[in-house]
Amino acid sequence: MAEGGIGVPVKRAEDLRFLTGRGRYTSDLNLPGQVYGYFLRSVRAHARIDALDISAAMAAPGVVAVFTGDDIKTDGIGSIPCAFAPDKGPMNEPPRPALAQDKVRFVGDLVAMVVAETIDAAKDAAGLITVDYDDLGAVVSPADALAEGAPELHADAPGNVCFQWQLGDKAATDDAFAKADHIVGIDIVNNRKIPNAIEPRAACAAYDPASGAYTLYLASQNPHVARLLLAAFVLKIPEHKLRVVSYDVGGGFGSKIPLYPEEAVITWAAGKIGRPIKWTAERAESFLADTHGRDHETHAELALDDDGNFLGLRVDTKANMGAYLSTFGPMIPTYLYAPLLAGQYKTPAVHCAVTAVFTTTAPVDAERGAGRPEATYVVERLVTKAARQLGLDQAEIRRRNLIAADAFPYQSPVVMTYDSGNYPPLLDEALKRAKVGEFEQRRAAAAAGGKLRGIGFSSYIEACGLAPSAVAGAIGARAGLFEAAEIRFNPTGSVTLFTGTQSQGQGHETCFAQIIAERLGIPLADIDVVQGDTDRGPFGMGTYGSRSLAVGGSAIAKAADKIVAKGKQIAAHLLEAEAQDISFEAGAFKAAGTNRSVTMAEVAFAAYVPHNYPLDKLEPGLDETAFYDPPNFTFPAGCHISEVEIDPETGAVEIVNWVAVDDFGVLINPMIVEGQVHGGIAHGIGQAMLEHCVYDSDSGQLVTGSYMDYAMPRADDLPSFEVATLVTPCPHNPLGVKGCGETGAIAAPAALINAVTDAIGIEDLDMPATREKIWRACRAAHKG
């Protein structure tokens, strides 16, 4: 193992600049001649624009230009595209103009952009624009939107239906229910969330009239995809005429995946006025117009025999897509959701039906976990409810139904083939660490003090490392999902890595350098990681779905293998040996049967200063690029156990214990992994207990439009987490890695709500389980 290589808890190299205020974010950038953009947003949820008067704004001090939907229509600017359409049946895909044309469809929809010399001048001028609206009625939930006579948002989406989709064998599932001894049902609302990255979205665009090229500086999780969509489908220019650059990105959680209309308008407008335009979202704008997450209404049923064996699962979900389709919006409630409903269990028959619905709300897209938390919540709430109704122990009902270790690779009844796993030890280790055998004594002690104590389980599985391209294309993705890496040696032996992924704080610079250190024997200090610039690195698909390590890291490993292969040929020449007799280990090439060796640095120098070099066989230089398109997803899994204590007089909940035992495959940096698990659990606790995006059902106004109304978890809401890992390597990627960034958010909501309902002695409680809800539930359950 190289110093700082794979498996070493190396401190993150990037943290020095983050913690000392030396990070470089999009909003830090200021270009010569820069002006500022400010967007006038709709104050109505659903209305025709009868009149739009910009004359006063145009005459305001400092104003450079005002742009409306008519301007982009005149220039032929395309609709904001969606990158996924489910394969089963048609999808209604109404256009989304970058600036509203004739109609607005949610509060926050873009109506106009003012460009001015200062941001204050732009804001003041935007206030002078007058808009005459003709209200058409709001629908904020799937049930409202599907109701007879509901206002329709789009002419090309009758009844507000985006698509109807299903997965699984309905006949086999119905047959399983017909034979069941017990049927357990549940109704779930998976509450809408607002991602709330610490850095708001930001963009700065410039146009060079000499080359006819645009540069867009953008806080993005996938700059290459942003360039592809913006150039090819919106601006309709050659891709080489658009450069997208993402510097440091302060969190994303999915909200910085999509291409947004603001980015399109700013880029186009920079060309129109011939000056750079900068825009940074205010937090109120982020609440209104960043993509939101979750928002499912689900009825699910589990069929069991008398022994508690699962026979079938059927799920019916209404998924809120918001007012328009976002980049990956339709993928979330389909192929990132239904295939995970099998969970860790050998349920022989599963069927899921999904109706996706347009409403007068912000568009919905990925939010940490993206479909997997929704699926796990359905399954683990049902399993817990079944155990209670059948009088079975929570651990035992799970153990009876877990997929056996010798069943892998395991073909689930809903598409996925799980490549590896060993689930019973995860449950057993969690039980041991959570001291579940002593829980009833702790419950009794709490009761003696007037408190209610409960315990909750969540056994989850995730499909991540989003790929492979062939499968993605078959199910509706409109792009490949490979990843790319270039390893470029400098003559003196240091390395620059160019990667197509994009960090938002996960520690890519450290983990990727560790892979190179391990593979090539290069000190970490000699490795530079470059990301986020479409003109410098190879085309890549960005960072989401825990794909950076499994797909991007594997591309790095493949590029390193190419470096070693060429290095062996160079070393053979230097050592006067045959290439097949050269081995490589710990940064040195050795000739078999001799004590002669050369270092990787010496080989790199020979490649760039080829005085003694096999020029008849090899080109100079040491620079290799690899693309990696995996044959399957990766499948992290684990068991989380949450223990809570509730004060029934106030509804206050204290999370007194949390154990997470996960299988992430091979760990590159255990310290970073633990931090990712902590963050994910905090995210899930936020959804379970605090966070809830609410729209007024009559007006369509966002009620929770600031941190005064939208509750985020704070340090004192969180317990100390006990985190452990067991390892079953992924068999199909060169590193054996899986993924870890989303698992806490996937497992936590079910574990926590199961614990809260166990403490109160009830079966169901909607998220978020606020103090008021818990207080009322306690009064209802214990009124006698």
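Q: What am I meant to see in the overall build of the protein here?
A: Along the backbone of the protein there are 20 helices and 28 strands. The C-alpha radius of gyration computed for the protein amounts to 27 Å, which stays within 12% of the reference 28 Å derived for 784 residues, consistent with globular compactness. Overall size of the protein, expressed as C-alpha extent along the three principal axes, is 90 × 75 × 50 Å. Per-residue burial over the protein gives 61% buried out of 784 residues. Contacts spanning at least 24 positions in sequence make up 80% of the contacts within the protein whose residues lie at least 6 apart.

Q: What should I look at first to understand unusual backbone geometry in this one?
A: Omega for the bond connecting phenylalanine 408 with proline 409 falls within 30 degrees of zero, at -5°, which places this linkage in the cis form. In this fold, proline 409 is placed in the loop between α11 (394–401) and β16 (410–411). Residue proline 768 follows methionine 767 across a cis peptide bond; omega there is -10°. Checked against the element boundaries, proline 768 lands in the loop between α19 (743–760) and α20 (771–781). One non-glycine residue, aspartate 102, lies in positive phi territory at about 80°. Looking at the secondary structure, you find aspartate 102 in the loop between α3 (69–74) and β4 (103–104). A residue is classified by how much of its surface remains accessible, and aspartate 102, at 56% relative accessible area, is exposed. With phi around 50°, serine 546 is a residue other than glycine that occupies positive phi space.

Q: What is the right way to read the sheet that holds strand β26 (residues 637–647) from this model?
A: Two strands in a sheet stick together by hydrogen bonds in their backbones, pointing the same way (parallel) or opposite ways (antiparallel). The strand order β18-β26-β27-β28 describes an open sheet built from four strands, whose pairing is mixed. The open sheet has two free edges, formed respectively by β18 (452–461) and β28 (721–725), since each of these has just one partner strand. Going across the sheet, the axis of each strand differs from the next one's by a mean of 15°, ignoring polarity. Across five bridges, strand β27 (residues 652–663) lies against β28 in parallel orientation. In the strand pairing of β28, valine 661 is matched with alanine 724.

Q: Just checking my understanding: could you explain the side chain of glutamate 462 for this structure?
A: For glutamate 462, the position within the fold is in the loop between β18 and α14 (469–475). Only 3.5 Å separates the side chain of glutamate 462 from the side chain of arginine 372, close enough to count as a polar contact.

Q: Just checking my understanding: could you explain the pairing of β18 for this structure?
A: Remark: a regular strand shows side chains that alternate across the two faces of the sheet. Most of β18 is tucked away: 10 of the 10 residues are buried. Taking every second residue as pointing to the same face, both faces of β18 are buried, with Leu452, Gly454, Gly456, Ser458 and Tyr460 on one and Arg453, Ile455, Phe457, Ser459 and Ile461 on the other. Sheet topology note: the β18/β26 ladder contains 10 bridges and is antiparallel. From the neighbouring strand, leucine 452 faces β26, where its bridge partner is isoleucine 646.

Q: Mind showing me how you'd approach the state of the cysteines here?
A: Taken as a whole and judged by the stated rule, the model has zero disulfides. Here cysteine 464 is not disulfide-linked; the sulfur of cysteine 740 is the nearest cysteine sulfur, at 8.7 Å. A relative accessible area of 0% means that cysteine 464 is categorised as buried.

Q: Help me out: how do you make sense of the sheet that holds strand β13 (residues 296–304) in this one?
A: In space, the five strands of this open sheet follow the order β7-β15-β14-β13-β8, with mixed pairing throughout. The sheet is open, and its two edges are formed by β7 (161–168) and β8 (182–190), each paired on a single side. Geometrically, the sheet is characterised by an average inter-axis angle of 10° between neighbouring strands, direction not taken into account. With seven bridges connecting them, β7 and strand β15 (residues 349–358) associate as antiparallel partners. Of the residues in β15, the one forming a bridge with phenylalanine 163 is alanine 356.

Q: Honestly, the environment of alanine 375 in this entry has me stumped. Any pointers?
A: Structurally, the position occupied by alanine 375 is in helix α10 (residues 372–390). Among the residues examined, alanine 375 registers a relative accessible area of 0% and is labelled buried. Along the primary structure alanine 375 and phenylalanine 177 are separated by 198 residues, whereas in three dimensions their C-alpha atoms are 20 Å apart. Apart from the residues within four sequence positions on either side, alanine 375 is in contact with Tyr337, Leu340 and Leu341.

Q: Before we go on, may I ask you to explain the packing of aromatic side chains in this structure?
A: For any pair of aromatic rings, the description rests on two quantities: the centre-to-centre distance and the angle between the ring planes. Summed over the entire model, instances satisfying the criterion amount to 17 aromatic pairs. Arranged with centres 5.7 Å apart and planes meeting at 85°, the rings of phenylalanine 39 and tryptophan 279 form a pair that is edge-to-face. Here the residue phenylalanine 39 occupies a position in strand β1 (residues 35–41), and tryptophan 279 occupies one in strand β12 (residues 277–280), the gap between them amounting to 240 residues. Here phenylalanine 39 falls in the buried class, since its relative accessible area comes to 1%. Residue tryptophan 279 is classed as buried on the basis of its relative accessible area, which comes to 2%. Centroid distance phenylalanine 67 to tryptophan 268: 4.9 Å. Interplanar angle 65°. Geometry classified as edge-to-face. Taken together, the positions of phenylalanine 67 in strand β3 (residues 63–68) and tryptophan 268 in helix α8 (residues 261–273) put the pair 201 residues apart, joining distant regions of the chain. Each member of the aromatic cluster is reached from another via a ring pair, and the members are Phe287, Tyr707 and Tyr710. The ring centre of tyrosine 247 lies 4.1 Å from the NZ or CZ of arginine 24, which sits over that ring.

Q: For this particular structure, what's the right way to read the environment of histidine 299?
A: In this structure, histidine 299 sits in strand β13. With 192 residues separating them along the chain, histidine 299 and valine 107 place their C-alpha atoms 29 Å apart. If sequence neighbours within four positions are ignored, histidine 299 has contacts with Ile186, Asp187, Arg314, Val315 and Asp316. A distance of 3.4 Å separates the side chain of histidine 299 from the backbone oxygen of isoleucine 186, its partner in a polar contact.

Reading the values: the criteria
Residues numbered from 1 in each chain as written. Predicted model: local features only at pLDDT ≥ 70, side-chain atom pairs only at ≥ 80, totals over all residues. Heavy atoms only, no water. Helix = DSSP H or I, 4+ residues; strand = E, 2+ residues; numbered from the N terminus. Rg over C-alpha atoms; globule rule 2.2 N^0.38 Å. Buried < 20%, exposed > 50% of the residue type's maximum accessible area, 1.4 Å probe, protein only. Contact = heavy atoms within 4.5 Å. Pairing = 2+ DSSP bridges. Axes fitted to C-alpha atoms, helices over the stretch in contact; angles between N-to-C directions. Polar contact = N/O pair within 3.5 Å; in protein donor to acceptor, adjacent residues only side chain to side chain. Disulfide = S-S within 2.5 Å. Phe/Tyr/Trp six-rings, centres within 6.5 Å; stacked < 30°, edge-to-face > 60°. Lys NZ or Arg CZ within 6 Å of the ring centre and 35° of its normal.

Honestly, that's just the spatial picture; any functional story needs more than this.
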